[in-house]
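Report on the structure
These are the residues of each chain, in order.
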Amino acid sequence: MKSIRLVFHNKTSATVGNGMDLYRLAIPYAFVGEEVDQVKSMGLDEFDTTPCDADVYVMNRPMSYRAKKVKDAGKFLIVDVDDYWVTPKWHWLYPDNLKRYIAHCETLPLDENDKRELKNIKHVYEREKVQAQNTIDSCHMADIVTCTTETLRREFARIGITAHIIKNSIHSNVNMFTTEKQKSNWLRFGWIGGNYHGKDITLMYPGFRMLHKDIELSDEFQILSAFNNNSEYREIEKIMSNNFAGCSPEYVHYLHKYTRVGSHMGADEPYRRIWNMSPTEYGMMYEHLDVALIPLRDNKFNSCKSELKLIEAGMTGCAAIVSNVEPFKTYLKHGFNCLVTNGENGWYTAIRRLILDRELVATLAKNLHQTIIENFDTITEANKLKQLIA
C-alpha cells in the first residue's frame, strides 16, 4: 500500500489550516486510504524540515521549491489547484493593488488590530507576486494535477497541462454540516464566505436598499453576514445591513466595537453579524440561515471557481438565491432547486418572493439538497483519486 502525505497550509501543525486543506485534501483523501496509517497530514514546517519518505505527496498550489523537493527525492507528486492562477487587475489581490493599499495604510495612524492586518497584507503581497508562476512551475513538475471544474481543466489544457477533475464535496460524516437550524421567527437570508468577495457582494446592494424600503416586509426577514475584523468585511457589512438600517442604537454600538464578546446579540435585529469560524467549524454558521445568498460576478476569473457555495447551502438544508453564472449554471433549475438572478437585477424580487412563500423555501431547500447529493459525492471523487494514484 502506498503511503500518502497531505501537506496542509498550517505552518506549525498537521491540522487543517484553511478551506483548501479541508475540501481539497482532508475530505476526499479521508476515503482514499484503506489502512489507518496510509494517509497522514503534515504542516509546512514539518514538510520543510524532514526528508520526503512517503510514496505520495499531495499539495494545494504549493510554492515551487516544495514541489521540487518532492521530485528531487524521487517521490510521486499530486498538485491540486482550486482557482484560476492569474489574478485579474480588478481583483483586490492583484499585486499592484496590494502595493498601493499598503503604501496608503503606512501613511495612516494605525491601532494594534490595523497593524496586524497590515502585516498580514504584506505577507499576502509577497505571496501573490510569485503565485501565478509558482502554480505553473509546480504543475509542470507534478505527476498528477487535479482541479475542481471542467472550466478550470480547459484553462490548464490551453497551456499544455493535463488536469483531472476532482469535484468539491461534503460527506455526510462531516458533522459541522447539518440540516438542523437554530430556531427563529424570521426568515433568515445570509452570505457565508471568505475574503476577497467584496465586488461580488455589491451586486446585492440595490436589492437590499429596495428591501428595506418595503414596509410590507419590514418584520418578516433578517439579513446575516459572515464577518472577520478587517477592512473588507467592514465594507461588506455596510452593504449587507444597508448601513445598519433598522438596527437598534445599542446593537450598532456593539457592532462598531468589533468584538466577539456578546456575539449572541442580534437575534432580534434586522441585520445580524455571524463571526467567521475555523475551517473545521465553518459549516455550523449555516445553522443560522434559511436562505443562502450566492452572488458572483460574471467574468473569467470567477468562472473558474468551484460550486462550493452551492454545495454548502445544499448540504446544510438551505434554499438558495444564486447568480446565474458559471460555475453554478449547470446545476441551477430556477423555481425548482433555487432562484436565479442576473447581475444586479432580481435580488430584491427573489428575496421578496421567498418571504411571501415559505412553502417555496422548503421546496427549494429539499430539491437543492437532493441535487447536491446526486452530483457531488465524496466516495465517487475519492475513487477517482484512487485510480490516479494506483
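The preceding data block contains the structure.
What comes next is a walk through the structure. (Residues numbered from 1 in each chain as written. Predicted model: local features only at pLDDT ≥ 70, side-chain atom pairs only at ≥ 80, totals over all residues. Heavy atoms only, no water.)

**Section: the sheet that holds strand β6 (residues 163-165)**
The sheet built from six strands is open, its strands ordered β2-β1-β3-β4-β5-β6 with parallel pairing. The open sheet has two free edges, formed respectively by β2 (39-42) and β6, since each of these has just one partner strand. Adjacent strand axes in the sheet meet at a mean angle of 25°, parallel and antiparallel pairs treated alike. Sheet analysis places strand β4 (residues 76-81) next to strand β5 (residues 144-147), joined by four bridges and oriented parallel. Looking at β5, one finds that Ile78 is bridged to Ile144. Each of β4 and β5 touches helix α5 (residues 112-141); the most contacted strand, β4, lies at about 145° to it. (Pairing = 2+ DSSP bridges. Helix = DSSP H or I, 4+ residues; strand = E, 2+ residues; numbered from the N terminus. Axes fitted to C-alpha atoms, helices over the stretch in contact; angles between N-to-C directions. Contact = heavy atoms within 4.5 Å.)

**Some words on the pattern of salt bridges**
Inspection of every chain in the model, using the stated rule, returns 23 salt bridges. Across the pair Asp80 and Arg24 runs a salt bridge, and its minimum N-O distance is 2.7 Å. Of the two residues, Asp80 is situated in strand β4 and Arg24 in helix α1 (residues 19-29); the sequence distance between them amounts to 56 residues. Across the pair, Arg24 and Asp80 agree in class, each one buried. For Lys300, the salt bridge is made with Glu155, and the minimal N-O distance between the two is 3.5 Å. Placement of the pair is Lys300 in helix α11 (residues 300-303) and Glu155 in helix α6 (residues 150-158), with a sequence separation of 145 residues. Its relative accessible area of 45% is what places Lys300 among the partly exposed residues. (Salt bridge = Lys/Arg side-chain N within 4 Å of Asp/Glu carboxyl O. Buried < 20%, exposed > 50% of the residue type's maximum accessible area, 1.4 Å probe, protein only.)

**Points about the pairing of strand β10 (residues 291-294)**
Of the two faces of β10, the one carrying Val291 and Leu293 and the one carrying Ala292 and Ile294 are both buried. Relative to β10, strand β7 (residues 187-191) is paired through two bridges, and the arrangement is parallel. Its bridge partner lying in β10, Gly190 is registered against Ala292. Here β10 runs beside strand β11 (residues 319-323); their pairing, made up of four bridges, is parallel. What sits directly across from Val291, in β11, is Ala319.

**Brief notes about unusual backbone geometry**
Note the cis peptide between Glu326 and Pro327, where omega equals 15°. Turning to its location among the elements, Pro327 is positioned in the loop between β11 and β12 (339-341). Here the phi dihedral of Arg61 falls at roughly 45°; this positive angle occurs in a residue that is not glycine. Note that Arg61 resides in the loop between β3 (56-60) and α3 (64-72). A positive phi angle, close to 55°, is found at Asn243, a residue other than glycine. Its location among the elements puts Asn243 in the loop between α9 (231-240) and α10 (249-255). A residue is classified by how much of its surface remains accessible, and Asn243, at 46% relative accessible area, is partly exposed.

**Quick look at the state of the cysteines**
Across all of its chains, the model carries zero disulfides by this definition. You can see Cys318 has no disulfide; the closest cysteine sulfur is in Cys338, sitting 13 Å from it. (Disulfide = S-S within 2.5 Å.)

**Section: the side chain of Thr87**
Within the element layout of this structure, Thr87 appears in the loop between β4 and α4 (95-105). The class of Thr87 is buried, set by a relative accessible area of 16%. Setting aside residues up to four positions removed in sequence, Thr87 forms contacts with Leu93, Tyr94, Glu128 and Phe301.

**So, the side chain of Arg272**
Looking at the element boundaries, Arg272 is found in strand β9 (residues 271-275). The side chain of Arg272 is buried and forms no salt bridge, while Asp268, the nearest opposite charge, is found at 8.2 Å. The residues touching Arg272, leaving out its near neighbours within four places in the chain, are Gln222, Ile223, Leu224, Ser225, Tyr251, Ser263, His264, Met265, Gly266, Ala267 and His288. (Lys, Arg positive; Asp, Glu negative; His and termini not counted.)

**Quick look at the packing of aromatic side chains**
Here the distance between the centres and the angle between the planes together describe a pair of aromatic rings. All chains considered together, the criterion is met by 14 aromatic pairs. Aromatic pair Trp85 and Phe156: ring centres 4.5 Å apart, planes at 35°, arrangement tilted. Taken together, the residues Trp85 in the loop between β4 and α4 and Phe156 in helix α6 connect sequence positions 71 residues apart. Across the pair, Phe156 and Trp85 agree in class, each one buried. Between Trp90 and Phe301 the ring centres are 6.1 Å apart and the planes differ by 85°, which places this aromatic pair in the edge-to-face class. Of this pair, Trp90 sits in the loop between β4 and α4 while Phe301 sits in helix α11, placing them 211 residues apart in sequence. In this structure Trp90 comes out as partly exposed when scored by relative accessible area, which is 36%. The exposure class assigned to Phe301 is buried, which follows from its relative accessible area of 8%. Sitting over the face of the ring of Phe47, Lys69 holds its NZ or CZ atom 4.8 Å from the ring centroid. (Phe/Tyr/Trp six-rings, centres within 6.5 Å; stacked < 30°, edge-to-face > 60°. Lys NZ or Arg CZ within 6 Å of the ring centre and 35° of its normal.)

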